[in-house]
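Chain by chain, the residues:
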Amino acid sequence: MEFMGWKRSDGRVGVRNHVLVLPASVCASDTADMISHLVSGTVSFHNQNGCSQVPSDQQLTMDIMAGYAANPNVWGTLVVSLGCENCQMDLVVEAIRARTDKPVEQLIIQGAGGTLKAVEQGVRMAREMVERASREVRVPCDLSSIILGTECGGSDPTSGLAANPLVGMVSDWFVERGATSILSETPELIGAEHILARRAASEEVGRQIYDIIYRYEEAMARVGEKIREGNPSPGNKVGGITTLEEKSLGCIHKSGHSTIQAVYDYAKQVDKSGLVVMDTPGNDPSSVAGMVAGGAQIVIFTTGRGTPTGHPIAPVIKLTGNRETYAKMADNIDIDASPLIYQPKDKEALLEHAVQVVLDTINGVPTRAEAYGFVETAIARVCNYV
């Protein structure tokens, strides 16, 4: 099955055609934001990291920045740095070049002579990049080039009963057509890891599933924390989820019934088709960031309680199994999955509708989060990996 997308110079396919104004650190974020707001066709975000980080945290930040630039939805990147941060311009550009050969431009605020001069130069550079990007035309592309990220946040019992199972059905539909689907959120797999391991393509992949769980729990124990005391979250409990295992059993429904082909570290490039697992935090923006850096062009995000979360690069489709949430937050929700609870005989029709929404989004129809301009993003930190 085909869709209309943008084929990139590195061979991958985008469902959007953004120019990314990438802040290399927190100190460059406002300037990057000013440039992006002045140039239609660009996207940016506030990078709260990039300086004063331990090496392991800095590497996570570098992986996100390089992955964002390499994401197929990005035509090219204007990197904006202050000039004295830990994530120096040459390091950021080198990391991007290791992942992609797409256009990269550089702007250093201190070298430009301050914010106003940097913004003036950056606007000119970004406009020229957008003009070049606009020359690209969409061409027929196969669904096998799609990487679908799956996420859940603000979960309640309807997430496990309806929303996540529907996403699992959508995931299986795409996997059957050669696409890739990512299951994320390591702390929300705890208690269900044995079920996932049984679905692994090999003993090695099964062992890796156990490894990321053990690694996470051990990391928390080293700093005196117990994951089972902080999860489920207060919002989960108010919604009706009582235990971490209950939350995990609901979470893994997003993976459908496909065989798990591989396990990836946070923000690493996903290069295997089929269902895969990425080791991400439970924090929604941080988890989505890792999948987008890994190459996901689109994210389908389930929520029981309701959330407006979006992303600057990849469209985020919001789906709920709670009909009250859908009624109250219809402005933010793209798909109502509650019929899976109240009219289960219509399951195939609901799947068809959900797949069509995803296909429409892939072909350019904006999600609710895109329409409102929601670009929340965060980067995982080893010192706060929850």
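Please refer to the structure higher up on the page.
Residues numbered from 1 in each chain as written. Predicted model: local features only at pLDDT ≥ 70, side-chain atom pairs only at ≥ 80, totals over all residues. Heavy atoms only, no water.

Once that is clear, we can look at the overall build of the protein. Across its full length, the protein holds 16 helices and 14 strands. Against the 2.2 N^0.38 benchmark of 21 Å for 386 residues, the protein shows a C-alpha radius of gyration of 20 Å, consistent with a compact globule. The C-alpha extent of the protein, read off along each of the three principal axes, is 60 × 50 × 40 Å. Put simply, of all contacts in the protein between residues at least 6 apart along the chain, 73% involve residues at least 24 apart. Per element, the accessible surface of the protein, about 15,500 Å² overall, is 51% carbon and sulfur. For the protein, the distance from the average site of its 34 positive side-chain charges to the average site of its 46 negative ones is 1 Å. (Helix = DSSP H or I, 4+ residues; strand = E, 2+ residues; numbered from the N terminus. Rg over C-alpha atoms; globule rule 2.2 N^0.38 Å. Contact = heavy atoms within 4.5 Å. Areas by Shrake-Rupley, 256 points an atom, 1.4 Å probe, with all protein chains shown as cover. Lys, Arg positive; Asp, Glu negative; His and termini not counted. Charge placed at Lys NZ, Arg CZ, Asp CG, Glu CD.)

Here Gln 53 is to be found in the loop between β4 (42–43) and α2 (55–70). You can call Gln 53 buried: its relative accessible area is 14%. A polar contact of 2.9 Å, which involves the side chain of Gln 53, links it to the backbone nitrogen of Gly 50. Ignoring sequence-local partners within four residues, the contact set of Gln 53 consists of Gln 58, Thr 61 and Asn 86. (Buried < 20%, exposed > 50% of the residue type's maximum accessible area, 1.4 Å probe, protein only. Polar contact = N/O pair within 3.5 Å; in protein donor to acceptor, adjacent residues only side chain to side chain.)

A positive phi angle, near 55°, is found at Ser 52, a position not held by glycine. Examined against the element boundaries, Ser 52 turns out to sit in the loop between β4 and α2.

Below, the discussion takes up the nonpolar core. Counting residues in each nonpolar core, the largest one holds 33 residues, and the members touching the most others are Leu 20, Leu 22, Ile 64, Tyr 68, Val 79, Val 92 and Ile 96. Of all the secondary structure elements, the ones that give two or more residues to this core are β3 (18–23), α2, β5 (74–81), α3 (89–99), α12 (284–293) and β12 (298–302). The element that contributes the greatest number of residues to this core is α2, accounting for seven residues. The contact partners of Val 79, leaving out residues within four places of it in the chain, are Leu 22, Ala 24, Met 89, Val 92, Ile 96, Val 104, Glu 105, Gln 106 and Leu 107. (Core = buried A, V, L, I, M, F, W, Y, C linked by side-chain atoms within 4.5 Å.)

Purely spatial values, then, with no claim about function.
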